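For reference, the chains in residue letters:
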Amino acid sequence: WNDILGAFIAFLVAGVATSCGVGGGGIYVPLGIILLRFASKPASGLSQASIFGASLGGFLLNIRSHHPNKKIRNVAQKIDTEGRRIDDNVQNDDNSSPIYYTRPLIDYDMALFLAPMEMAGAVLGVIIQKLMPNWLFLSLAAVILGITSFKTFQKFSSSYKIDRENRDNADITRSVLAASVEPSSSGITSKREDNKENKEYENNVNTKSKHHDVEAVYVDKETLDKSLENDAENGSHNGILAQYIDEDDEKVTKRREFLESDSRQYPLEKLAYLLILWIGLAVITFLKGGKGVQSLLKIHCTSPWYPVLIVCQFLWTIGFAVVFGLRLVKNHEAKVACQYPFLETDVLWDASKLRFYASFTFIAGVVAGLIGIGGGMVLGPLMLVLGIHPRVSSATTATMIVLTSSSVAIMFVTSGLVPWEYAVFFFCVCFSGALVGKKYIDTYIKKTGMSSILIGILATIIGVATIGCIVIVLLNLSKADWCLDGFKKFCDANDLADDFSECSMRRL
């Protein structure tokens, strides 16, 4: 019965956690220890298999999803010297019929920069964790997660009020528009004819937009006709574009190239780079070992090759981050030069922003490695506070989790620390839970426009993980007769022994 109950809880957690862009390890680990009766290292391995299944299911949904803003126009926008957007109505469109662009939900450029920085921080965090007794880093985890949960709840409160106000305003607008329609038979007939004409116009615009290989949303025929009439009275011949100021054609063309590139739902070269990052990470992880799993080459931390592999981890992750960070800045400068239409939630990647995000992501990785959780619980709230759209933030962090959890999960299973039957079963359970739960949660958010719900769920998950850390600390201390271990040596012969401590040695 414990296994059935554990699978049911894991199924529910997978959908909710994946929707928020976190792995859920802060819940899976206590679940494995308290309910399934695993020791800490097998519970950690089972948690990684569960996270891998859930994050893979979420990734398959996210990779098909579009950005919340599906009405990005090829209009000019200026950026001042301090990186702030200037709204001076200097706009132009590259076509007489407005074409709307969108993007994938996952910000691949951000993932290629932040994921390796977080991994580099996690390497340092794990090294520090090896020196700390279990009760200390779990207590530290409870404190950090508690503070993070509180801050995330504050962000949820403010975002929820904004979403409610926007929804109420939209309801009022719809009510006013509905009240202004006369219920006469002639009015109804006229409205049907207008809808027919609008539908025909929509088909024409969509047909025309296919030539540009981008997603288009039509402008209603009534608005276009009014614009054409006004322009005819004023002697203009540019139709709806008469409101825009003439602009250099080269900039318009360059903006269109960027918009069309950004609108690709499956950017193959970026997906290939993520695969290369994963392969490099997996190879080094298997060669080095860790988390209680022996190296494939039988390298222990006393071996002279062990620090070499640690240095390779830093070089691979930080080098990858530097390359794609510099690409971000270069592309941003090119977009600013052609007055690219940045969104309010976009990160304007200049040198200062690059250093800021790199530093905080590295610190988030250190904290994640130090307290033994996925980086999503630390990096996700950070991205929300910095103004990134909640759905984009959750999808991007979930993609990063796929990279980190998969190689570690495979390493645990192949080492024999986790029974493969349990690993495969919970992988499938969490994969299914992510597909089902995330689909329903995303549908609700799209229908209501309440993206703040994701922030509230994220804060709740972090709060539950905080309670789980406290419970594990108390249980372990109770088993050890409330004996507190001291700091460990970095290379300890007892590293491979599960739950082996100074206190247990004293009892022997």
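Some thoughts on the overall build of the chain
- Counting secondary structure elements, the chain contains 16 helices and 2 strands.
- A burial count over the chain gives 48% of its 508 residues as buried.
- For the chain, the share of sequence-separated contacts (at least 6 apart) that also reach a separation of at least 24 residues comes to 81%.
- Per element, the accessible surface of the chain, about 25,400 Å² overall, is 61% carbon and sulfur.

Notes on the packing of helix α4 (residues 108-131) against helix α10 (residues 305-337)
- Following both chains from N to C, one finds α4 and α10 inclined at 155 degrees, their axes separated by 8 Å at the closest point. Judged on the interaxial angle alone, α10 and α4 are roughly antiparallel. The hand of the α4/α10 crossing is left-handed. Contact with α4, carried on its side by Asp109, Leu112, Phe113, Pro116, Met117, Met119, Ala120, Val123, Leu124, Ile127 and Lys130, involves Tyr306, Ile310, Gln313, Phe314, Thr317, Ile318, Phe320, Ala321, Phe324, Gly325 and Leu328 of α10 and no other residues of that element.

Some words on the layout of surface pockets
- Of the volumes computed, that of the second largest pocket is approximately 720 Å³.
- Lining the second largest pocket are 33 residues, and of these Asp107, Asp109, Asp262, Lys270 and Lys335 lie nearest its centre.
- Looking at the lining of the second largest pocket, the elements with two or more residues in it are α4, α8 (249-262), α9 (268-288) and α10.
- Counted by class, the lining of the second largest pocket contains 17 nonpolar, 6 polar and 10 charged residues.

As for the environment of Ile99
- Along the chain, Ile99 turns up in the loop between β2 (85-86) and α4.
- Along the sequence, Ile99 and Ile72 sit 27 residues apart, while their C-alpha atoms lie 8.3 Å from each other.

Looking at the pattern of salt bridges
- Inspection of every chain in the model, using the stated rule, returns 6 salt bridges.
- A salt bridge links Arg103 to Asp346; the nearest nitrogen and oxygen atoms lie 2.8 Å apart. Taken together, the positions of Arg103 in the loop between β2 and α4 and Asp346 in the loop between α10 and α11 (351-371) put the pair 243 residues apart, joining distant regions of the chain. Residues Arg103 and Asp346 agree in their burial class; the two are buried.

Conventions adopted
Residues numbered from 1 in each chain as written. Predicted model: local features only at pLDDT ≥ 70, side-chain atom pairs only at ≥ 80, totals over all residues. Heavy atoms only, no water. Helix = DSSP H or I, 4+ residues; strand = E, 2+ residues; numbered from the N terminus. Buried < 20%, exposed > 50% of the residue type's maximum accessible area, 1.4 Å probe, protein only. Contact = heavy atoms within 4.5 Å. Areas by Shrake-Rupley, 256 points an atom, 1.4 Å probe, with all protein chains shown as cover. Axes fitted to C-alpha atoms, helices over the stretch in contact; angles between N-to-C directions. Parallel < 35°, antiparallel > 145°, perpendicular 65-115°, else oblique. Left-handed = near helix turned anticlockwise from the far one by under 90°. 1 Å grid on protein atoms, 1.4 Å probe; cavity = no way out; pocket = protein on both sides within 12 Å on 5 of 7 lines; lining within 4 Å. Points joined across faces, edges and corners; volume = space filled by probe spheres on them. Nonpolar A, V, L, I, M, F, W, Y, C, P; charged D, E, K, R; others polar. Salt bridge = Lys/Arg side-chain N within 4 Å of Asp/Glu carboxyl O.

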